[in-house]
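Observations on chain architecture
Listed below, chain by chain, are the residues.
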Amino acid sequence: LIQNGFARLSNHEFKAEDTRRNLIVEGDIEMKSLVGKEFVFGNTWFRGFEECPPCQVPNKDCKQGFEVGFKQFGGLRAEILNTEVIWIGAELFIKE
């Protein structure tokens, strides 16, 4: 998972697929706050288990400057807890 908006903070243009992430979320969601928590997108439940800092692969494969533009928008590794549907525009809800 990764929070969208990282490209706006850099002088580079990046597309969502440049991030190498499976899901992209928008809004003020602190990814690291999801570590150890369960949350749902659409009908699919996840458990966040560790932060995922930017890697060097996109920097090498697509565009220089990726790590700099991506620095404040690290991702999250999460375990999938069930296999259900996720759709574009699905909201993220955190289990309290």
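First, a word on what this report is: a plain description of the structure on this page. (Residues numbered from 1 in each chain as written. Predicted model: local features only at pLDDT ≥ 70, side-chain atom pairs only at ≥ 80, totals over all residues. Heavy atoms only, no water.)

Below, the discussion takes up the pattern of salt bridges. Considering all chains together, one arrives at 4 salt bridges under this definition. Residue glutamate 79 pairs with arginine 47 through a salt bridge whose shortest N-O separation is 3.0 Å. Taken as a pair, glutamate 79 in strand β5 (residues 75-80) and arginine 47 in strand β4 (residues 44-52) lie far apart in primary sequence, 32 residues in all. According to the relative accessible area criterion, arginine 47 is partly exposed, its value standing at 31%. Where salt bridges share partners, they join Glu38, Arg47, Glu79 and Lys95 into one cluster. (Salt bridge = Lys/Arg side-chain N within 4 Å of Asp/Glu carboxyl O. Helix = DSSP H or I, 4+ residues; strand = E, 2+ residues; numbered from the N terminus. Buried < 20%, exposed > 50% of the residue type's maximum accessible area, 1.4 Å probe, protein only.)

The next point concerns the pairing of β4. With 4 bridges connecting them, strand β3 (residues 38-41) and β4 associate as antiparallel partners. The residue bridging phenylalanine 41 from the neighbouring strand is threonine 44, located in β4. Where β3 folds back onto β4 in an antiparallel hairpin, the turn is made up of 2 residues, including glycine 42, whose phi is positive at roughly 60°. In terms of strand pairing, β4 meets β5 through 6 bridges, oriented antiparallel. Among the inter-strand pairings, glutamate 50 is bridged to a residue of β5, identified as arginine 77. (Pairing = 2+ DSSP bridges.)

On to the packing of aromatic side chains. Counted under the stated rule, the structure contains 3 aromatic pairs. Seen in terms of ring centroids, phenylalanine 39 and phenylalanine 41 are 6.3 Å apart; in terms of plane orientation they differ by 90°. Their pairing is edge-to-face. Pair check on accessibility: phenylalanine 39 and phenylalanine 41 agree, each one buried. Counting every residue linked through ring pairs, the aromatic cluster contains Phe39, Phe41 and Phe46. (Phe/Tyr/Trp six-rings, centres within 6.5 Å; stacked < 30°, edge-to-face > 60°.)

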